Every structure is written in structure tokens, then in C-alpha cells.
Amino acid sequence: MADQKQQEVINPWGVKSWTYLSSLRQQSPLIQCITNFVSMDIMANTLLAAGASPAMVHSILEIPDFTPHIQSVLINVGTLTPDWLPAMKAAASVANQLGKPWVLDPAAVGASSFRLKACLELIELKPTVIRGNGSEIITLSMASIGSTKGADSLHESSDAIESAKSLAKSSGSIVAISGSVDFVTDGERVVGAHNGVPMMQKITASGCSVTALIAAFVAIDPTHAFEATASAFSVFGLAGDIGMELAKGPASLRMHLIDSLHRLDQDTVLDRVTITSFS
Ligand SMILES: Nc1ncnc2c1ncn2[C@@H]1O[C@H](COP(=O)(O)OP(=O)(O)OP(=O)(O)O)[C@@H](O)[C@H]1O
Ligand SMILES: Cc1ncsc1CCO
Ligand SMILES: [Mg+2]
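Cut-offs and rules
- Residues numbered from 1 in each chain as written.
- Chains lettered and ligands numbered in written order.
- Predicted model: local features only at pLDDT ≥ 70, side-chain atom pairs only at ≥ 80, totals over all residues.
- Heavy atoms only, no water.
- UniProt positions renumbered as here; feature names shortened; annotations may be inferred.
- Helix = DSSP H or I, 4+ residues; strand = E, 2+ residues; numbered from the N terminus.
- Polar contact = N/O pair within 3.5 Å; in protein donor to acceptor, adjacent residues only side chain to side chain.
- Contact = heavy atoms within 4.5 Å.
- Near = heavy atom within 4 Å.
- Areas by Shrake-Rupley, 256 points an atom, 1.4 Å probe, with all protein chains shown as cover.
- Nonpolar A, V, L, I, M, F, W, Y, C, P; charged D, E, K, R; others polar.
- Salt bridge = Lys/Arg side-chain N within 4 Å of Asp/Glu carboxyl O.
- Buried < 20%, exposed > 50% of the residue type's maximum accessible area, 1.4 Å probe, protein only.

The name an unreviewed UniProt entry gives the protein is Hydroxyethylthiazole kinase, with Lactuca virosa as the organism. You can read under Pathway (unreviewed entry) in the UniProt record for the protein the words "Cofactor biosynthesis; thiamine diphosphate biosynthesis; 4-methyl-5-(2-phosphoethyl)-thiazole from 5-(2-hydroxyethyl)-4-methylthiazole: step 1/1."

**Some thoughts on the side chain of T67**
Its place among the elements puts T67 in the loop between α4 (63-66) and β3 (72-76). At 2.7 Å, the side chain of T67 forms a polar contact with the side chain of Q32. Excluding its chain neighbours within four sequence positions, the residues that come into contact with T67 are Q32, E62, V73, A91, V94, A95 and L98.

**What to know about the site of ligand 2**
The environment of ligand 2 is formed by N36, V38, G78, A151, T204, A205 and C208. Surface burial for ligand 2 is 70%, taken as the share of its 280 Å² of free accessible area covered by protein chains. Its residues assigned to classes, the shell around ligand 2 comprises 4 nonpolar, 3 polar and no charged.

**A word on the pattern of salt bridges**
Applying the stated rule across the entire model yields 7 salt bridges. R254 is the salt-bridge partner of D41, the closest N and O atoms lying 3.2 Å from each other. Of the two residues, D41 sits in helix α3 (residues 40-50) while R254 sits in helix α11 (residues 250-263), which places them 213 residues apart along the sequence. Judged by relative accessible area, R254 falls into the partly exposed class, the value being 30%. E121 is the salt-bridge partner of K89, the closest N and O atoms lying 2.6 Å from each other. Of the two residues, K89 sits in helix α5 (residues 85-98) while E121 sits in helix α6 (residues 113-124), which places them 32 residues apart along the sequence.

Below is the structure:
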């Protein structure tokens, strides 16, 4: 206890992050993921390694039976087609009715006006958190498509801070931007999570996976989505830092990141989680 107090003075975000991760491991919340085909495997493995219970249930026919059992919902539009959108809206609505959090990943939202319109309609359903890369958050905030590189970002995460603040204010959601520093804002406060390595950009759907981890952390503490989101970014980034110590390239980083997430211990989290204020 004395140790814990001392750590709190040194690194309060480390303490928070460990509290979320250890609670996740104990509670193993059920996370419904309606996500793109590219991300399904790595996302489910990320959630399992962290301690959550993933379920890739996306048929609209199953939502009335299944969604009432979940602790949070993750919706990702990365390979969106028109037939998936009603299921996404239905799951978000059920989560809202039950007072459960849901998280939106606007993957490649700048790819088309179809995708942008779908994301703007989903934002009307009040996601607890919106997590995108810099370009995705700028596109949402401007509500218009311009140049795009698909799922990859044309911007630094720091380029999107003002867009994220404005999107957070207009939507009421916590807005999270991934990149070299991962930023989180509620429209007023801004924090940056510094853990993570550039090679993570070379693992497809690493961003999708961190959004799912955010959904899991928010399931643990829905009333503190800002703190849960920053902590999820840090824990995922820290698993990347440790994984990179063993990796030879993107494929082995993918493996070592998942292993590191599974093995993360209290001392490492308290010692190495780095989150600072930018407001
Ligand atoms: N330059 C960087 N340095 C450190 N970490 C990074 C860097 N760029 C990205 N990351 C980390 O990689 C992960 C994915 O972020 P990224 O911004 O690439 O998401 P994304 O573009 O949505 O990815 P995807 O669409 O492939 O899922 C995040 O955890 C982020 O912190
Ligand atoms: C590569 C890719 N294309 C659509 S979704 C996706 C996974 C990363 O978002
Ligand atoms: Mg990317």
C-alpha cells in the first residue's frame, strides 16, 4: 500500500493503466466487434491477450438476442458495404438503450462520400469514443472528403488536435487520435500517450486493434472514458515497445506485441506508461 502511494506520486497514469488492465483480466468483459475483414483476427487476439472476451457478431438478425449480453460494442467501417450499416446502427442503438458504451473506428473514412455519410450517421448515435488516425479525425471534423491514402494517414497525429477538440465538442464523444503520440480529448482536456514504436504502423489493423482495446477499457469504467482511452493507448503502445525489443520486422512484432500484452506486469506498467498533458 505504501509502495502503491509512492508510485501514485511518481506516475498516476501508470497506476490508472494498471488498474484498468488488471480489472480487465479479472472481469473479462464481452466485447461485440462489428469490424472489417482485415482486422478480425488481430483484433480478437488483441482482446483475448489483454483479458477481454471478443465476439465478432455482425448479422442484424443476431443483434436483438446477442447485444444485450455485451459490456461494450466496437464498430469499425474499414470494409463497409451498404448491407452492414443497419446492423451497426442497430447495435449502437441497443448499446445506448442499455446504457452500455460503444466505440467508433472511422477506418479510411476519407475513401468515399458513402463512408463519410455512414460515419456521420453513426456519430449521431453518440459513440462514447471515436478513435482514428490523424487524417480520419480531420476528415470527420471537416465533414468532407479530400485527398486520401485509404486506411493510412497523410497527417501526423498532432496535426489533428484542433479537429479532435472540435469533433469532441460537436459530438459529445471522447476523441482519440493515433500516431507517434496518441492524443485523447474531451474537447477541453488533451493528453498524449507516448508509448509505441513506428513499426506498429506496418502491422495492418494495429489501429483497429487499439480501438477494440479502448472499447474493452471503457467497458471497465464507462463513466471515465477519457482516462480509459488514454490508458488503453498506453498499454497497447507499451506492449509494442516491449515487443520491439524482440522483433525482427512487422510480422514478428505482431506476435511479440500480442505476447507482451498478455504478459504485462504491474511493475512494467507503473514504470513505463508515459502520458502527459497537452492542454
Ligand atoms: N510513428 C509512430 N510511433 C509510435 N507508435 C506509432 C506510430 N504510428 C502509429 N503508432 C501506433 O500504431 C498503432 C496504430 O496507429 P495508426 O495511426 O497506424 O492507426 P491506423 O492508421 O488506424 O491503423 P490501421 O488502419 O492499420 O488499423 C497505434 O497504437 C499507434 O500508437
Ligand atoms: C488495409 C485496410 N483496408 C480497409 S480496412 C484495412 C485495415 C486497416 O484499417
Ligand atoms: Mg495505419
